[in-house]
Amino acid sequence: MRLVIVGTGGMANSHARKFGELDGVDIVGGVDRSEDRLSAFCDEHNIPNRFTSLEEAIAWGEFDAVANVTPDAVHHPTTMPLLTAGKHVFCEKPLASNYADANEMATAAEQGGLINMVNLSYRDVSALQKAHELIAAGEIGEVRHFEASYLQSWLTQPAWGHWDKEDRWLWRLSEEHGSLGVLGDVGIHILDFAGFAIGASYQSISCNLKTFDKAPGNQIGDYKLDANDSFTMMAETSSGAIGVVHASRFASGHMNDLHLQVHGTKGGIKVTNTGDLGELFVCSGTNLEKAEWQQVELAPTPNNYRKFAEAVMSAVNGHPTFRHAANLQQVLDLAVESNKDKGRRDIPKSTQLQDA
Ligand SMILES: NC(=O)c1ccc[n+]([C@@H]2O[C@H](COP(=O)([O-])OP(=O)(O)OC[C@H]3O[C@@H](n4cnc5c(N)ncnc54)[C@H](O)[C@@H]3O)[C@@H](O)[C@H]2O)c1
């Protein structure tokens, strides 16, 4: 597979490293509007062909697939011409800035018969894969209740850099820059984490979004720091379970922690992203009465990069698909709507398809 990386900023380094480890994958080109960033990135990862516009790369055309690692609001305008040109696309999350755009991308990829996957990267956590498998096999019975959180603290300390002075985090901090705040940035991850483990889609949600004062003046250059920082959501799944999902970047004491607890009629499961494989605990069978939890031993599972490469090479689409990510985008759109009156919103049945 000949791969081009579009957008050569921070996250693109992970794509270059992870795709670079795979047999049968050649990273043949890089695209970025910033010539300096493009050169530094391509030099570091030994990438031979460099383009300062997507149009130039498409005109050159000597590649099969693209890793789209541009900012959130750029995913749609860059992915659509790539699909038209017949290229397979592995897109960063969230798929787009709204459901209409995400749906257009999913439909175009499906109609073109192209491989389309989204980097919902916590699918790489082996503990999550095992939790999905155990719940699907009935280990905890029928799921009734869940709680899921994604906790970060990068707005309370400088461990990830000086977000209050530099402009490179604006896509996470400013609505005008295309940010849907913590909801779009990490909310999509935790919604996917919980829904995938449970094996059900979201049927209705009610969401409270909160934007805090972030920095003196709440402004960097022309951009207001007005994107939401914390959310709490109540959710019901298509399988009838209810739960709470929440996330914050003001969660002091947590660097980047996902936690999920799922409770069923026959047991419970706890999943975290701790360490290389994550951690998984189960309370079921004879342990139920004393509420004793046992840690489950885990084996590594293939990451999204490998799954995308295998999908392109076998011509069979992999998961998570554009369609799944578009459906999650619908949940995000309705969460924003619901925040206006703090009311409940039902997710249309047509967008409740759950990923495998
Ligand atoms: N899956 C994950 O866990 C994870 C983690 C971090 C970031 N991300 C996602 O990755 C994406 C990129 O994030 P980042 O932190 O690398 O951002 P970044 O700002 O560091 O890099 C984005 C790059 O895209 C370039 N770019 C912008 N418009 C372009 C265009 N039209 N054509 C070509 N290049 C263009 C910018 O110049 C920049 O170099 C975002 O969608 C983000 O949500 C995902």
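Keep in mind that this is a model prediction, so the values were computed, not measured.

Participant: Quick rundown of the packing of aromatic side chains? Include the residues and the values.
Facilitator: Within the structure shown, the criterion is met by 10 aromatic pairs. Taking 5.1 Å as the distance between ring centres and 40° as the angle between the ring planes, the aromatic pair formed by phenylalanine 51 and tryptophan 60 counts as tilted. Taken together, a centroid distance of 6.5 Å and an interplanar angle of 10° make the contact between tryptophan 154 and tryptophan 160 stacked. Every member of this aromatic cluster is reached through a ring pair, and the members are Phe19, Phe90, Tyr305 and Phe308. One residue, lysine 87, lies across the ring of phenylalanine 63, its end atom 4.4 Å from the ring centre. One residue, arginine 123, lies across the ring of phenylalanine 196, its end atom 3.9 Å from the ring centre.

Participant: Could you give me a rundown of the packing of helix α8 (residues 181–198) against helix α10 (residues 322–341), with the residues and numbers involved?
Facilitator: Taken N-terminus to C-terminus, the directions of α8 and α10 make an angle of 120°; their axes are 10 Å apart at the nearest point. Classed by the angle they form, the pair α8 and α10 counts as oblique. Crossing hand, α8 versus α10: right-handed. The residues of α10 that touch α8, namely those facing Leu183, Gly184, Ile188, Leu191 and Asp192, are His324, Leu328, Val331, Leu332, Ala335 and Val336. Its residues assigned to classes, the contact of α8 with α10 comprises 8 nonpolar, 2 polar and 1 charged.

Parameters and conventions
Residues numbered from 1 in each chain as written. Predicted model: local features only at pLDDT ≥ 70, side-chain atom pairs only at ≥ 80, totals over all residues. Heavy atoms only, no water. Phe/Tyr/Trp six-rings, centres within 6.5 Å; stacked < 30°, edge-to-face > 60°. Lys NZ or Arg CZ within 6 Å of the ring centre and 35° of its normal. Axes fitted to C-alpha atoms, helices over the stretch in contact; angles between N-to-C directions. Helix = DSSP H or I, 4+ residues; strand = E, 2+ residues; numbered from the N terminus. Parallel < 35°, antiparallel > 145°, perpendicular 65-115°, else oblique. Left-handed = near helix turned anticlockwise from the far one by under 90°. Contact = heavy atoms within 4.5 Å. Nonpolar A, V, L, I, M, F, W, Y, C, P; charged D, E, K, R; others polar.

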